[in-house]
Amino acid sequence: SDDIKEYSNGEITVVWNASLCTHSANCARGLREVFNPKARPWINMQGASTQQIREQVAKCPSGALSLK
């Protein structure tokens, strides 16, 4: 569906479900190098280490961001 987008760095894939997003902006405040709502695409998987991305995704309160 259009509501779900996937972004990969070759090690992990971040799944973003737009319909779940509550725009808490935890991701952007916590890891701006990866999550920048003003950029297109707004998730830059080259912006930080896999571990940093993994830790930040875990802090998403709505569940809109997940890993696969």
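This structure is a prediction, so every number in the text was calculated from the model and none was measured. (Residues numbered from 1 in each chain as written. Predicted model: local features only at pLDDT ≥ 70, side-chain atom pairs only at ≥ 80, totals over all residues. Heavy atoms only, no water.)

(A) How the structure looks around helix α2 (residues 50–57). Buried within α2 we find T50, I53, Q56 and V57. Across the axial projection of α2, the buried residues extend over an arc of 130 degrees, all falling on one side. Elements that come into contact with the buried residues of α2 comprise β2 (13–17), α1 (26–30) and β3 (65–67). (Buried < 20%, exposed > 50% of the residue type's maximum accessible area, 1.4 Å probe, protein only. Helix = DSSP H or I, 4+ residues; strand = E, 2+ residues; numbered from the N terminus. Arc of directions from axis to C-beta. Contact = heavy atoms within 4.5 Å.)

(B) Quick look at the pattern of salt bridges. Counted according to the given criterion, the structure contains one salt bridge. K68 is the salt-bridge partner of E6, the closest N and O atoms lying 3.0 Å from each other. A residue pair is termed long-range when its members are at least 10 positions apart, and E6 in strand β1 (residues 4–8) and K68 in the segment after β3 qualify at 62 residues. Exposure remark for K68: the relative accessible area of 62% places this residue in the exposed category. (Salt bridge = Lys/Arg side-chain N within 4 Å of Asp/Glu carboxyl O.)

(C) Here's a closer look at the state of the cysteines. For the coordinates displayed, the defined rule picks out zero disulfides. Cysteine C21 shares no disulfide, and the gap to the nearest cysteine sulfur, in C60, comes to 6.6 Å. On the accessibility criterion, C21 (22% relative accessible area) is partly exposed. Between C27, a free cysteine, and C60, which holds the nearest cysteine sulfur, the sulfur-to-sulfur gap is 6.6 Å. We classify C27 as buried; its relative accessible area is 14%. (Disulfide = S-S within 2.5 Å.)

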